[in-house]
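Architecture at a glance
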Amino acid sequence: MADFFEDLVPVAPEGTGYVAKGDALPRIDGHAKVTGQARYAAEYLTDDVAYGVVVNSVTPRGRIAALHVEAALAVPGVLDVLTHTHRPRMRKLDLFYKDMTAPAGSPFKPLKDDEIHYSGQPVALVVAETFEAARYAASLVKVEIDPLPHETNLLANLARGHKPTPLKAGYSPPPKPRGDADAAFDAAPVKVEAEYYAGVEHHNPMEMHATTVLRAPDGHLTIYDKTQGSQNCRWLVSHAFGLSKSKVTVKNPFVGGAFGSGLRPQYNLLLAVMASLHLKRSVRVVLTRQQMFTFGHRPETWQKMKLAAERDGTLKAVVHEAIAETSRREDYCEVVVNWSGQLYRCDNVRLGYQLVDLDHYSPIDMRAPGAAHGVHALEVAMDELSYALAMDPLELRLKNYTDHDAAKDLPYSTKELKACYRQAAERFGWSQRKPQPRSRKEGSEWVGWGMATGQWDALQMFARAGAVLHADGRLEVESAASDIGTGTYTVMAQIAAAAMGLPMEHVRFRLGDSRLPVAPIEGGSSHVTTVGSAVEGVCEKLQKQLLKLAQKMPDTAFAGARLADVEFVQGTLRRRGDAASAVSLTGILAAAGKDRIEDKYLMLPHALKQKKYIRAVHSAVFCEVRVDEELGTVRVTRVVSAVAAGRIISAKTARSQVVGGVVWGISQALHEETHADHRLGRFMNHNYAEYHVAANADIHDIDVIFVEEDDRIVSRLGAKGVGEIGIVGVAAAVSNAVYHAVGRRIRSTPITPDKVMAPAQEWAAGDSAIGINAGG
């Protein structure tokens, strides 16, 4: 049984050979996944594992009057039913439930008391010997709730927006106004003013959230959880239950997609640990697809944009205001409007961001949080302004291009956005675009072309990495990183193999274990710049050790050599350009009588250097749509996305990330939205039949271009992250293409058939018509 719990560490297949940074390698974990060898959080079992099934409230707000569990307890095989009155002791203070990414406020604590905060809240956990018994018994639990008045409608409550408490990692409040945007807007000859709306989106990764707690005879808990940060989950569990962290190990060697849903530990983790401590045995809790709609989501967001320009296209005023939802308990906030003060040159800018607290679970990060909404509104407004000016949309953006952030008076570390525009436009054939809407029809479909800009932060955090080089030439590198489907296993092994001059199949990268050297939560597209830099750093320390050992060898060719004078090539150390001086790494260790050398490296961002710059990734997205007005259908038939993201470390995985982001952007533009019945205060389309996501039939040609860029300010690798940037700007490009196709401006997402068939200008935010003033 012990072998069953050995976590698989993917290794490149024999014959992969020597690699360099940037090579297009297949993912080394691919074989394990398609053959079923890779095990996910719900796939670790022992003979004594019990199964927990969650019972959820259907009332959005109130207090539990009674919980009837007798019928459930009578089901054969049921072990117990945990409730707020029947559970192990947990700490009470909010401080103990603050995970590493928690916003300001009071975190949700499952089964804490009788108070109901939102529809879908877990109110009981049925635990049984079999999943079938637990599921059936859960259906027999009856919950009586004394309801209280609730409010779940953002658009009906915009007037009570408030400024957020800015205590969330990664959140920056809008900068202070510069110039006088309102006066400049009033005085400008050409202007647009419009409202934009984006509905709630829910995470729907392939793997549902699950936790398996394996309890050892000595009480040690080994927890397999669907998470983007094993150490974050260990932090929460040890603090919430008052356990020493030496008694808790959290693992996530494989994650079937997360993209923000696993940044914060979800309630299945605490419930599974609760049951394991209570029953003193192993427990597994898996959420159903419907229950995936009972925790955080991308927040519903209303925005207002005002742009003004001179007749030559020079921007004179930018006003961007946003109001988003949060829960009653926490101020979840995103960077929504700040992008409008960075992307284009303008002397008069006013930005505002507020929250409205509703009776929902706190929103959570979803791929490119904030930018997916904020850049969308800006880029659609820029398209509207281009028509008001009778100016090409690309020309307008180039007219107002900037390599400087006026709000912070800082330059960009690197910004190859102009190259993105040029290369994407050429590949797409933008010069052949006819400027007038409704200028091209093929059969029953109008053809439209649209474009948009994308920007996302180039983040770097801190991390440790450890490495061991064995006498037989095997290299083992480790860090408590996560691979949420983004290719971390492959990229980190590739960085290490390239640094040490070893074949890929000789390198193993271990991740997904809270006992490994500290790593940040996998989020914000920061793993390559952070963990990747740590991996290269520890390999450099091994290089120095090997050079010192080589200098002690008889008749050495390395006397007086510095690290800059040598290179590691095909399993050897040699003087640069001197193949005759090569000595194998295994030979160096053998001569020194060592069976291994090892080291650790702490990667800390160079804060003094980085704070002098704005660090960002950029993209230019061009797309073609075909619109059938009679059916209301929109097909995205062609997308070209040019991305400037520093040095690309692994070309194949990077391209896959951008393609995935484009697919999600199309889904955001045309399909995804969770609808609430505000009378009931609950989300209604909580299944794949009614919550639509892009399918294979919705996706056609996607062409990805990586523009050459090297940014040593962001990371020692010269790399930036590529995960988030793929989605930013895609929905705006689709929306702009729809306008070009049929002359109908749709300012809300998703662009569903009813909006396409509606009279022009009808579908603005809040279903109200917003006019465009093109000025005198």
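What comes next concerns the included structure. (Residues numbered from 1 in each chain as written. Predicted model: local features only at pLDDT ≥ 70, side-chain atom pairs only at ≥ 80, totals over all residues. Heavy atoms only, no water.)

**Thoughts on the overall build of the protein**
A tally of regular secondary structure across the protein gives 16 helices and 33 strands. Against the compact-globule benchmark of 28 Å for 776 residues, the protein has a radius of gyration of 27 Å, which places it among compact chains. Its C-alpha atoms give the protein principal-axis dimensions of roughly 85 × 75 × 50 Å. The buried share of the protein, reckoned over its 776 residues, is 61%. Sequence-distant contacts, at least 24 apart, represent 80% of the contacts inside the protein between residues at least 6 apart. Put simply, the protein shows about 28,800 Å² of open surface, and 51% of that area lies on carbon and sulfur atoms. Positive and negative side-chain charges of the protein, numbering 89 and 90 respectively, have mean locations separated by a distance of 4 Å. (Helix = DSSP H or I, 4+ residues; strand = E, 2+ residues; numbered from the N terminus. Rg over C-alpha atoms; globule rule 2.2 N^0.38 Å. Buried < 20%, exposed > 50% of the residue type's maximum accessible area, 1.4 Å probe, protein only. Contact = heavy atoms within 4.5 Å. Areas by Shrake-Rupley, 256 points an atom, 1.4 Å probe, with all protein chains shown as cover. Lys, Arg positive; Asp, Glu negative; His and termini not counted. Charge placed at Lys NZ, Arg CZ, Asp CG, Glu CD.)

**Here's the deal with the pattern of salt bridges**
All chains considered together, the criterion is met by 50 salt bridges. Of the charged contacts, one joins Glu201 and Arg298 as a salt bridge, the two residues approaching to 3.3 Å between their closest N and O atoms. With Glu201 in the loop between β8 (190–198) and β9 (210–215) and Arg298 in the loop between β12 (283–286) and β13 (301–309), this residue pair connects regions lying 97 residues apart in the sequence. With a relative accessible area of 2%, Glu201 lands in the buried category. Classification of Arg298 by relative accessible area gives buried; the value is 1%. When the shortest N-O distance is used, the salt bridge between Glu442 and Arg440 registers 2.7 Å. Judged by relative accessible area, which is 35%, Glu442 ranks as partly exposed. Through salt bridges that share partners, Lys21, Glu536, Glu540, Lys544 and Arg716 make up one connected network. (Salt bridge = Lys/Arg side-chain N within 4 Å of Asp/Glu carboxyl O.)

**A look at empty space enclosed by the protein**
Going through the model one piece at a time under the given rule, you end up with seven cavities of 30 Å³ or more. What the largest cavity holds in volume is close to 160 Å³. Considering the residues around the largest cavity, the lining is formed by 13 residues, among which Phe108, Leu236, Arg264, Pro265 and Tyr361 are closest to the centre. Looking at the lining of the largest cavity residue by residue, the class counts come to nine nonpolar, one polar and three charged. (1 Å grid on protein atoms, 1.4 Å probe; cavity = no way out; pocket = protein on both sides within 12 Å on 5 of 7 lines; lining within 4 Å. Points joined across faces, edges and corners; volume = space filled by probe spheres on them. Nonpolar A, V, L, I, M, F, W, Y, C, P; charged D, E, K, R; others polar.)

**A look at the packing of helix α14 (residues 651–670) against helix α15 (residues 730–742)**
Orientation of α14 relative to α15, taken along the N-to-C sense of each, is 50°, at an axis distance of 8 Å. If you check the angle between α14 and α15, you find them oblique. Once α14 is placed against α15, the crossing between them reads as right-handed. When α14 is examined against α15, the residues Val662, Gly665, Ile666, Gln668, Ala669 and Leu670 are found in contact with a partner set consisting of Val730, Ala731 and Val734. Class assignment for the residues of the contact of α14 with α15 results in seven nonpolar, two polar and no charged. (Axes fitted to C-alpha atoms, helices over the stretch in contact; angles between N-to-C directions. Parallel < 35°, antiparallel > 145°, perpendicular 65-115°, else oblique. Left-handed = near helix turned anticlockwise from the far one by under 90°.)

**Comments concerning the pairing of β9**
Judged by how many residues are buried, β9 sits mostly within the fold: five of six residues are covered. As paired elements, β9 and β12 share four bridges and run antiparallel to each other. Looking at β12, one finds that Val213 is bridged to Val283. Pairing between β9 and strand β10 (residues 221–225): five bridges, direction antiparallel. Bridge assignment links Thr211 to a residue of β10, and that residue is Asp225. Counting the residues that bridge the hairpin from β9 to β10 gives five residues, and of these Gly219 lies at a positive phi of roughly 90°. (Pairing = 2+ DSSP bridges.)

**Details of the pairing of strand β3 (residues 78–82)**
With four of five residues buried, β3 lies mostly within the body of the structure. Bridge count between β3 and strand β6 (residues 122–128): four bridges; the pairing is antiparallel. The residue bridging Val81 from the neighbouring strand is Val126, located in β6.

**What about the layout of surface pockets?**
If you add up the space inside the second largest pocket, you get close to 1,100 Å³. Forming the boundary of the second largest pocket are 35 residues, of which Asn204, Pro205, Met206, Gly257 and Phe259 lie nearest the centre. With eight residues, the top contributor of residues to the lining of the second largest pocket is α14. Its residues assigned to classes, the lining of the second largest pocket shows 18 nonpolar, eleven polar and six charged.

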